[in-house]
Amino acid sequence: MSRYNFKESEARWQAAWDRAGCFTAHDTETDKPKYYVLEMFPYPSGRIHMGHVRNYTIGDVIARYKRARGFSVLHPMGWDAFGLPAENAAMARGVPPADWTRKNIDAMRAQLKMMGLSIDWAREIATCDPSYYKHQQRLFLEFLDHDLVYRRESWVNWDPVDRTVLANEQVIEGKGWRSGAPVERRKLSQWFFKITAFAQELLQALDSLDRWPEKVRIMQKNWIGRSEGARVFFDILGREAPLEIFTTRPDTLYGASFFAISPHHPLAAELAAGDPDLAAFVAECDRLGATEEAIETAEKKGYDTGLKVAHPFVEGRTMPLYVANFVLMEYGTGAIFGCPAQDQRDLDFARKYDLDVIPVVLPAGEDAKDFAIGDTAYVGDGRIYNSGFMDGMSVAEAKKTVIARLEAEDIGTGTVQYRLRDWGLSRQRYWGCPIPILHCPACGPVPVPKEDLPVLLPEDVSFDKPGNPLDHHPTWKNAPCPSCGAAARRDTDTMDTFVDSSWYFARFCCPQDTEKPLDPDLVDRWMPVDQYIGGIEHAILHLLYSRFFVRGLKRFGYTEHDEPFAGLFTQGMVCHETYRDREGRWLLPDEIDKQAGGAVVHRDSGAPVTLGRSEKMSKSKNNTVDPESIIGTYGADTARWFMLSDSPPERDMEWTAAGIEGAWRFIQRLWRLIGDAAPNLPPAGAPLPETLGPAALSLRRTAHKAIDGITRDIEAFRFNRAVAQVYELANALTGFKAKDGGDFWALREAFEVLVRLLTPMMPHLGEEMWRSLGHEALLVTLSWPEADPALIVDETVTVAVQVNGKLRATLELPRDTGEETARARALADPAIQRLVEDRAPRKVIVVKNRIVNVVV
RNA sequence: GCCCCUGUGGCGGAAUUGGUAGACGCGACAGACUCAAAAUCUGUUGUUCGCAAGAACGUGCUGGUUCGAGUCCGGCCAGGGGUACCA
């Protein structure tokens, strides 16, 4: 028996599938239910990594399984091809981003094809292709037409040396990653999608996404962050304009002891103009960085403006107004009042600046006379006191009452506030979809007429000068105003790449349509995506933006659906041990050698190597394993099989050399098993013999239980368990000694079941084994096996017998034995009698087919 | 900081969703085959005590609910993801 030759076999079956057009998605195949499987499309970084292998293996199992279940399947692939890395490569190596990207796409397509994925490659799209982004520009204009895009000023990280805007990840400890110069904050006019217009809808519809992980829905819910509260106007002594604040705790208004505004509040800017110390404080806040994380983890600091705010309900009471580093301009009104007794952050601030702490909520069971706040604010419910007209009310009552009072006096209103902010889409970058807008000195921003699209991204650009190449391109930005004909200039910003990925899934339904972005008939033929698969890191932004975008598409008449993804699965990361040499350099897994005694050394030098814990595969830790080299050494099926083994797909998995070798050995074992058995089997399609011996019957039970179990496991994304059951069936086949015709019949049945169950996971080996069993048809075209219900339940069950909750014996009982009989059998068991002795059981709990617990 | 998730043998993990903890795989050990090795096959393998029968302990820590907790509840600890310009 020769070894399984995966190289020859994998290429041959891939060609056979291709010839037969097995994976073409048919727009007109409407006699079958449709099923749209989609994995998040890759960024074309140059080579696929193990995360891709995991992602696309999972999706391919689902796609192949659903085809076998009789669905008309759409399983496409494309490229998230715009983005920063192409520009970084251009600057580092002088390669034009377009060339770099296209070369990467070609390389990665070839690698993905090696995996034997059941993809309809005719639908391939790349977001950097004008045939894609042309339609995206049109969609942008439709968002604009429907008042879902607007322009306003907002802040960016500015690198004064590179004269460029920096992404948050490019700001390291307040400095530009390339220049090392301290980053400044600048205000630029930018375009925004009005996602907040859908805040309530996006929140509410989460409840309908019952095939999404609960955790993702919770994260989105928290991100949208609906809160009910009040906007209140306060008078600032000696100033005309009142201060507007937002609070979720208007019931604690009597406990207010200070006010704080954001460093970016217009009032802060006005005051800073005449106050150098305040200007310095604002500058210090800016140096913190723009991320929420930096702001929230920084020490809370304030600057007393000297202004006093009047309390609306307490005659003569005034409170200081601070500029504070923890107040966000983007949330609410950029101004708050502080009630230290009932809010921990306010309390910390009050203690630091020695401000009053006036408790206004009395916890149940406390006495108003001696209840005091120490270092912990009281944020729970209770009775309102020290609060004039609200005294004696619950928190909820007080909120209602005070809002009514504020509204009656015309100094505030009850409002709903969302944490969600509008989606800024302008990027001061070259390698992205151009924003189809012209800026005319007379007419202002004017949309490029739809018939003039696409606005092509010029490819003759240079990265020699700092700044955005579009900005200093000699001719590109000059164009006449479509409205008045005057000389205008193009918007030199490009779109956030999240825009590209917010509708690609719909474009896969009609990728060849040159006329319009989307064909409503085809979109509704395939949408929504029935199963979307990708990393948990996209749980909020990408998925929320896509949900927003599809709501826009619905408004413009492109689809009837609100939601892009009916089912979502979030896979875990691929991790690997890390290795460092004595100098602390990270070593590749290929560079080390594990010796028998457990020592780890450098393969070439023999120098000792420190073994680090397992971490996500990354270039920076050098703990990557190259999929192409794995597939070249062991084959695609081995890589796919190991990806699905062991770790549940939603959890992080650990890539190990031992694991991939184990998968390789199993494939060889299957190959030997079928090679040894096949010549002795009855011909394919032989009828079921009239009588079967106990061995044959038992093997049939094992096989049919495997069908039942593996089917459920694939449906539930428990691939690791499906793999375990394939092992169990293979083990049963290994140990089976056929003696008569019935045994051989059962053996053929079990082999056929095994092959058909493993083929979504190892499709090439599946086809090869299917042929060994004497079949001509492509396995990939066959339907999924059905389990015989009579063969999947056992006649007897093992029931555990406990005494006081501890296992003391087991009983073999006929399935569904009655409670009385089970109890009697348990009490009659010698081991139980010995333990119970002559004590009368106080209680006997019987759970049918499971357990008898004797309590003495 | 905030939001979300995860934690079970030497290792990856399983546990019918509150009912026999450790399926299956890896590793290790022992045996068979071999001149030998590799490959393969068979067996053992949570820890401790015991010749054995068996017993005690055991699901990050800690407290609780229950006849019964890996599973439910409270409080911690550790690791990971997100934190709005990485994708």
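Now for a look at the structure at hand. Note that the structure is predicted; figures quoted are calculated from it, not measured.

Here we look at the layout of surface pockets
No. 1: Roughly 400 Å³ of volume is contained in the second largest pocket.
No. 2: Lining the second largest pocket are 19 residues, with Leu188, Gln428, Asp471, Thr492 and Asp493 sitting closest to its centre.
No. 3: Going through the elements one at a time, β5 (149-159), β6 (164-166), β9 (184-193) and β24 (487-490) are the ones with two or more residues in the lining of the second largest pocket.
No. 4: The residue inventory of the lining of the second largest pocket, partitioned by class, reads 4 nonpolar, 8 polar and 7 charged.

Quick notes on the sheet that holds strand β23 (residues 478-480)
No. 1: Ordered in space as β22-β21-β24-β23, the 4 strands form an open sheet in which the pairing is antiparallel. Looking along the sheet, the strands with just one partner apiece sit at the ends: β22 (444-447) and β23. Here the strands of the sheet are splayed against their neighbours by 40° on average, with no regard to which way each runs.
No. 2: Inspection of the sheet shows strand β21 (residues 437-440) paired to β22 by 4 bridges, in the antiparallel sense. Following the sheet pairing, Ile437 is matched in β22 by Pro447.

A short note on the state of the cysteines
No. 1: All told, the structure shown has 0 disulfides when counted by the stated rule.
No. 2: Between Cys481, a cysteine without a disulfide, and Cys440, which holds the nearest cysteine sulfur, the sulfur-to-sulfur distance is 3.7 Å.
No. 3: Unpaired in terms of disulfides, Cys484 finds its nearest cysteine sulfur in Cys440, a separation of 3.6 Å.
No. 4: For Cys484, a relative accessible area of 41% gives the class partly exposed.

A word on the environment of Leu347
No. 1: With respect to the helices and strands, Leu347 occurs in helix α11 (residues 344-353).
No. 2: With relative accessibility at 0%, the residue Leu347 sits in the buried group.
No. 3: Setting aside residues no more than four positions away along its own chain, Leu347 makes contact with Pro340, Val357, Ile373, Gly374, Asp375, Thr376 and Ala377.

Thoughts on the side chain of Ser645
No. 1: With respect to the helices and strands, Ser645 occurs in the loop between α18 (636-644) and β33 (653-654).
No. 2: Using a relative accessible area of 6% as the deciding quantity, one classes Ser645 as buried.
No. 3: Here Trp641 takes part through its backbone oxygen, which lies 2.6 Å from a polar atom of the side chain of Ser645.
No. 4: In contact with Ser645, other than residues within four places in its own chain, are Asn720 and Val723.

Conventions we followed
Every chain's residues receive numbers from 1 upward, in the order its sequence appears when written. In the order they appear in the text, chains get letters beginning with A and ligands get numbers beginning with 1. Since the coordinates come from a predicted model, pLDDT governs what is reported: local features require at least 70, and pairs of side-chain atoms require 80 or more to be given and counted, while whole-chain, interface and lining totals use all residues. Hydrogens and water molecules were not included; the side-chain quantities draw on all heavy atoms of the structure. Of the two site types, the cavity is a set of points on a 1 Å grid over the protein atoms alone where a 1.4 Å probe fits but cannot get out, and the pocket is an open set with protein on both sides within 12 Å along at least five of seven lines, each lined by residues with an atom within 4 Å of a point. Grid points are joined across faces, edges and corners, and a volume is the space filled by probe spheres set on the points. To qualify as a helix, a DSSP run of H or I must reach at least 4 residues; to qualify as a strand, a run of E must reach at least 2; elements of each kind are numbered from the N terminus. We call Asp, Glu, Lys and Arg charged. Ala, Val, Leu, Ile, Met, Phe, Trp, Tyr, Cys and Pro are nonpolar, and the rest, Gly among them, are polar. For two strands to be treated as a pair, DSSP must find at least two bridges joining them. To define axes, lines are fitted to C-alpha atoms, for helices over the stretch in contact only, and angles between the resulting N-to-C directions are given on a 0 to 180 degree scale. Our working definition of a disulfide is a cysteine sulfur pair at a distance within 2.5 Å. The cut-offs for exposure are 20% and 50% of the maximum accessible area for each residue type, with area from a 1.4 Å probe on protein chains only; residues under the lower value are buried, those over the upper are exposed, and the others partly exposed. Should any heavy atoms of two residues lie within 4.5 Å, those residues are considered in contact. We define a polar contact as two N or O atoms separated by no more than 3.5 Å, with the added condition that, inside protein, one atom must be a possible hydrogen donor and the other a possible acceptor, whereas residues neighbouring each other in sequence contribute only through side-chain atom pairs.

On their own, these measurements won't tell you what the molecule is for.
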